[in-house]
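Analysis of the macromolecular model
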Amino acid sequence: MDTTGWNLKPMDAEQLRENAHKMVDFIADYYKTIESFPVLSQVEPGYLRNLLPDSAPNRPESLQTVLNDIQAKILPGVTHWQSPNFFAYYPSNSSVAGFLGEMLSAGLSIVGFSWITSPAATELEMIVLDWLAKLLKLPDEFLSSGQGGGVIQGTASEAVLVVLLAARDNVLRKVGNNGLEKLVVYASNQTHSALQKACQIGGIHPENCRLLKTDSSTNYSLSPDALNDAISHDLAVGLIPFFLCATVGTTSSTAVDPLLVLGEIAKNNGIWFHVDAAYAGSACICPEYRHYINGVEGADSFNMNAHKWFLTNFDCSLLWVKDKNALIQSLSTNPEFLKNKASQANMVVDYKDWQIPLGRRFRSLKLWMVLRLYGLENLQCYIRNHIKLAKLFEELVAEDPRFEVVTPRIFSLVCFRLLPPNNKGEKGNELNRDLLDIVNSTGKIFMSHTVLSGKYILRFAVGAPLTEERHVNEAWELIQDKASPLLKIS
Ligand SMILES: *Cc1c(COP(=O)(O)O)cnc(C)c1O
C-alpha cells in the first residue's frame, strides 16, 4: 500500500503516540472547563446539517482542524453527562480508571467472541465478574466455578432480553413451540420499558405482558398479592406463567420490589426470576445497603450496570445467571468457520453464546481497572457520598413549604415537586413542567421528570463523579429562584 498521500498513516506507533497525547490533552481540558458549558445542550434539531459539508473529504485533513470543529460545532450539541451539575435520569459515570481501561480496550482492539480469539478477554471477564459477585455477596451459584457465571452485556436491555429468551426456550422445550402464545411475563408497571421491548423481540403475545399496578401505599413496589392473583388467574385460563422481572431501584422513583417473597412465588410456579438492579446494584457493595437485594438468592439472574454509578465508562452491564446452559441453549451457534479445539472440547467459555451479537469488546479491562485503581473502600465512600448529598437535597426540599418530597429517598434520587398554590391542584403538573423547562433552559443544571399516580414529578439524581456539596446547594438555590415568579403568576 502506498501511504505517501497519508498525513496520518492507518497505524504508526509514533504517530499514535503524538496524536493520542493531543487527544488526551483535549479531553483533560474538556474536564477542566466542563462547568462552563450549558449542561443540557441548547441546540435546535438539525443544527449540525448547516455546519458540516454535504460529503466526506477527498483529501486528508489535519487533526487540529478536526479538533477545532469538535470545539466549535460538536461540543455545542453535547449534553454534558459528566458535568457536576448533571442531575437527570441516572448518572453514567466516567472516571480516570474507566477511561484508561476504555483506552486500552480501544488500543488492543480485539474481538473476543470465542475464548481462542483472545483468551485473556474471556478469562478476565469471568474473574472480574466473580470478584464483583463476591463484593455484592451474590449467592455462590452465580460464580463461574459451578453451573452459573457472569457476563458483560452492553446494557440492561440486552441483559433482560437474553435471560427472557433463555427462560422462554426452557419452557418451549417442555411444552412445544405451540406454547409460545400462552407464555406470560410478570412485572410491576414501574419496570423499565426494556422488559416490554424484550417481550416484543421474544415473540411474547402483547396481551401476555402483565405490568401489575403499583401505588404510593407500597411506595410503588410490586405487591406479592397482586402477583399471586395474576398468576392464579392466568393458570385458570390455561396460560403459562414463565418469567418474573423484579426491580431494585426503579428508574422512575427507586422503588424496591420485595425480592424474598417474589422469589418464593416464582419458585412455587416454576417461573424464571430476573432481578434488575441496573442503577441501585452499585450501592449494594456497602454493607448497610446490601439488604435491598436480600432475596437475590432466589433469583435465576441478576443485573447491574457498572456504567451507571460504578465509575466504569459506558458501556458495561453486568449479568449473572445460575444456569449458563439455559443461555447457551438459546443463543449458541457453531458454524464451521468458528470451530476450534478448545471450544469443541468444551474446555472454555465462549461468550458469543451468552449474548445477541457475535463480536464483543474487551470491556472487562475497564471494570478491572476501576476495581484495582480505586479499591473497595473508595468505591464504598463514593456511593456513600452521593447518598449523603441526595439526603442533603431532600432536607433542603423538605424545609421549604412550597415544595414536597414525593417518595421517600432511598438511594441518591430525590423525587419532589412544587406544590400548586391553594385550590389550584389541577395546575400542579403544568407548574412543575414549566419549572423544569425554565431550570433546564438556564443550562446551569439538568434534571428530568417522571409521573407517579398522575402527578408530574421532578427527579434530582445525584451521581456524577465531579458533583460536590456546593453543586447541590447551588442547584437548590436555582430551583427556588425559578419557582418564586412561577408561583406569583399561577
Ligand atoms: C437504566 C435502567 C435500565 C436500562 O438501562 P440500559 O442499560 O440503558 O438498557 C433498566 N432498568 C433499570 C432499573 C434502569 O435504571
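Every value quoted in this text rests on a predicted model; they were computed, and no experiment measured them. (Residues numbered from 1 in each chain as written. Predicted model: local features only at pLDDT ≥ 70, side-chain atom pairs only at ≥ 80, totals over all residues. Heavy atoms only, no water.)

Things to note about the nonpolar core
The nonpolar side chains of soluble globular proteins are, as a tendency, buried together. Put simply, the rule is: Throughout, nonpolar core names a set of buried Ala, Val, Leu, Ile, Met, Phe, Trp, Tyr and Cys residues whose side chains join them through atoms within 4.5 Å. Buried means the residue's accessible area, taken with a 1.4 Å probe over protein chains only, is under 20% of the maximum for its type, while exposed means over 50%, and partly exposed covers the values in between. Secondary structure elements are defined from DSSP: runs of H or I of at least 4 residues count as helices, runs of E of at least 2 residues count as strands, and each element is numbered from the N terminus. Where each domain starts and ends comes from a domain assignment, either automatic or drawn from a database. Should any heavy atoms of two residues lie within 4.5 Å, those residues are considered in contact.
If you look at the biggest cluster of nonpolar residues, it comprises 71 residues, and the most contacted ones within it are Phe-302, Leu-318 and Trp-320. With 9 residues, helix H12 (residues 364–399) is the single largest residue contributor to this core. Here this core spans two domains, and each of domain 2 (111–361) and domain 3 (372–489) adds at least three residues to it. Contact partners of Leu-318, with chain neighbours within four places excluded, come to Leu-129, Leu-132, Val-151, Ile-152, Phe-302, Asn-303, Met-304, Ala-306 and Leu-367. Grouped together as the second largest cluster of nonpolar side chains are 33 residues, Val-151, Val-163, Phe-243 and Cys-245 included.

A look at the pairing of strand E4 (residues 240–247)
To keep things clear, this is the line we draw: When DSSP finds two or more bridges between two strands, those strands count as paired.
Summarising burial for E4: 7 of the 8 residues are buried, a large majority. Sheet analysis places strand E2 (residues 183–188) next to E4, joined by 4 bridges and oriented parallel. Bridge pairing in E4 places Val-184 opposite Pro-241. Of the strand pairs in this sheet, E4 and strand E5 (residues 272–276) are connected by 5 bridges, and their pairing is parallel.

As for the site of the ligand
As a reminder, the rule being used: Throughout this document, a residue counts as near a molecule or strand when at least one of its heavy atoms sits within 4 Å of that molecule or strand. Think of a polar contact as two N or O atoms within 3.5 Å of one another; within protein, one of them needs to be a possible hydrogen donor and the other a possible acceptor, and neighboring residues in sequence only count if both atoms come from side chains. Using a 1.4 Å probe, the Shrake-Rupley method yields the accessible areas, and only the shown protein chains count as cover for residues.
Around the ligand sit 14 residues in total, of which Ala-156, Ser-157, Asp-276, Asn-305 and Lys-308 are the nearest. In the model, an oxygen atom of the ligand is placed 2.5 Å from a nitrogen or oxygen of the Ser-157 side chain. Between Asn-305 and the ligand, the recorded distance is 3.0 Å, taken from a side-chain N or O atom to an oxygen atom. In isolation the ligand offers 380 Å² of accessible surface; the protein chains occlude 88% of this area. Within the residue set of the shell around the ligand, elements represented by two or more residues are helix H5 (156–175) and helix H9 (306–309).

Remarks on the domain arrangement of the chain
Worth spelling out the cut-off: A quick way to say it: buried area is the sum, across both parts, of accessible area lost when two parts are put together, with a 1.4 Å probe. Only one rule defines a salt bridge in this text: a Lys or Arg side-chain nitrogen within 4 Å of an Asp or Glu carboxyl oxygen. Three categories are distinguished: nonpolar for Ala, Val, Leu, Ile, Met, Phe, Trp, Tyr, Cys and Pro, charged for Asp, Glu, Lys and Arg, and polar for the others, with Gly belonging to the last.
Domain assignment breaks the chain into domain 1 (15–80), domain 2 (111–361) and domain 3 (372–489). Using C-alpha coordinates to define each centre, domain 2 is positioned 31 Å away from domain 3. The partner domain 3 presents 24 residues to the 24 residues of domain 2 that form the contact. Interface of domain 2 and domain 3: buried area, both sides summed, is about 2,200 Å²; carbon and sulfur atoms make up 68% of it. Across the contact surface, domain 2 and domain 3 share 1 salt bridge. A salt bridge links Glu-288 to Arg-384; its shortest N-O distance comes to 2.5 Å. Summed over the shared surface of domain 2 and domain 3, the result is 8 residue pairs in polar contact (both at pLDDT 80 or more). For the side of domain 2 that touches domain 3, a count of residues per class yields 15 nonpolar, 8 polar and 1 charged.

So, the UniProt feature "modified residue: N6-(pyridoxal phosphate)lysine" (unreviewed entry) in the chain
Put simply, the test is: UniProt positions are given in the numbering used here, feature names are shortened, and annotations may be inferred rather than shown by experiment.
Using the residue numbers shown here, the UniProt feature "modified residue: N6-(pyridoxal phosphate)lysine" (unreviewed entry) corresponds to Lys-308. Structurally, Lys-308 is set in helix H9. Of the residues examined, Lys-308 reaches a relative accessible area of 17% and is grouped as buried. With residues up to four places along the chain from it excluded, the contact list for Lys-308 reads Tyr-90, Pro-91, Ser-92, Asn-93, Ala-278 and Tyr-279.

Points about the pairing of E5
Basically, it comes down to this: With its strands directed away from the observer, a crossover is right-handed exactly when the path from the first strand over the helix to the second travels clockwise.
In terms of residue burial, E5 counts as a mostly covered element, since 5 of its 5 residues are buried. Regarding the hand of the β-α-β motif, the stretch spanning E4, helix H8 (residues 259–268) and E5 is right-handed. Inspection of the sheet shows E5 paired to strand E6 (residues 301–305) by 3 bridges, in the parallel sense. Residue pairing in the sheet places Asp-276 in a bridge with Asn-303 of E6.

As for the packing of aromatic side chains
Aromatic ring pairs are described here by two measures, namely the spacing of the ring centres and the angle between the planes. Test applied: Stacked, edge-to-face and tilted are the three classes for Phe, Tyr and Trp ring pairs, Trp counted by its six-membered ring, which pair at centre distances within 6.5 Å; planes under 30 degrees apart are stacked, over 60 edge-to-face, the rest tilted. Charge over a ring is defined by NZ of Lys or CZ of Arg lying within 6 Å of the ring centre and within 35 degrees of the ring normal.
According to the stated counting rule, one finds 21 aromatic pairs in the structure shown. Ring centres of Tyr-30 and Tyr-31 lie 5.4 Å apart, and the angle between their planes is 70°; on these two criteria the pair is classed as edge-to-face. Summarising the aromatic geometry, the rings of Phe-86 and Tyr-89 are spaced 6.5 Å apart at their centres and angled 45° between planes, so their arrangement reads as tilted. Residue classification places Tyr-89 among the partly exposed positions, given a relative accessible area of 41%. Grouped by ring-pair contacts, the aromatic residues Phe-87, Phe-393, Phe-403, Phe-416, Phe-460 and Trp-476 constitute a single cluster. Of note, Lys-322 hangs over the ring of Phe-142, and the distance from its end group to the ring centre comes to 5.6 Å.

Remarks on the sheet that holds strand E7 (residues 317–321)
Strand pairing in a sheet takes place through backbone hydrogen bonds and is either antiparallel or parallel in direction. What counts here: Axis definition: a line fitted to C-alpha atoms, over the contacting stretch in the case of helices. Angles run 0 to 180 degrees between N-to-C directions.
Spatial strand order, E1-E7-E6-E5-E4-E2-E3: 7 strands in an open sheet with mixed pairing. Here the strands that pair on one side only, and so sit at the sheet edges, are strand E1 (149–153) and strand E3 (209–212). This sheet shows a mean twist of 20° between the axes of neighbouring strands, independent of strand direction.

Notes on the side chain of Thr-250
Along the chain, Thr-250 turns up in the loop between E4 and H8. The exposure class assigned to Thr-250 is buried, which follows from its relative accessible area of 1%. If sequence neighbours within four positions are ignored, Thr-250 has contacts with Tyr-90, Gln-190 and Ala-255.

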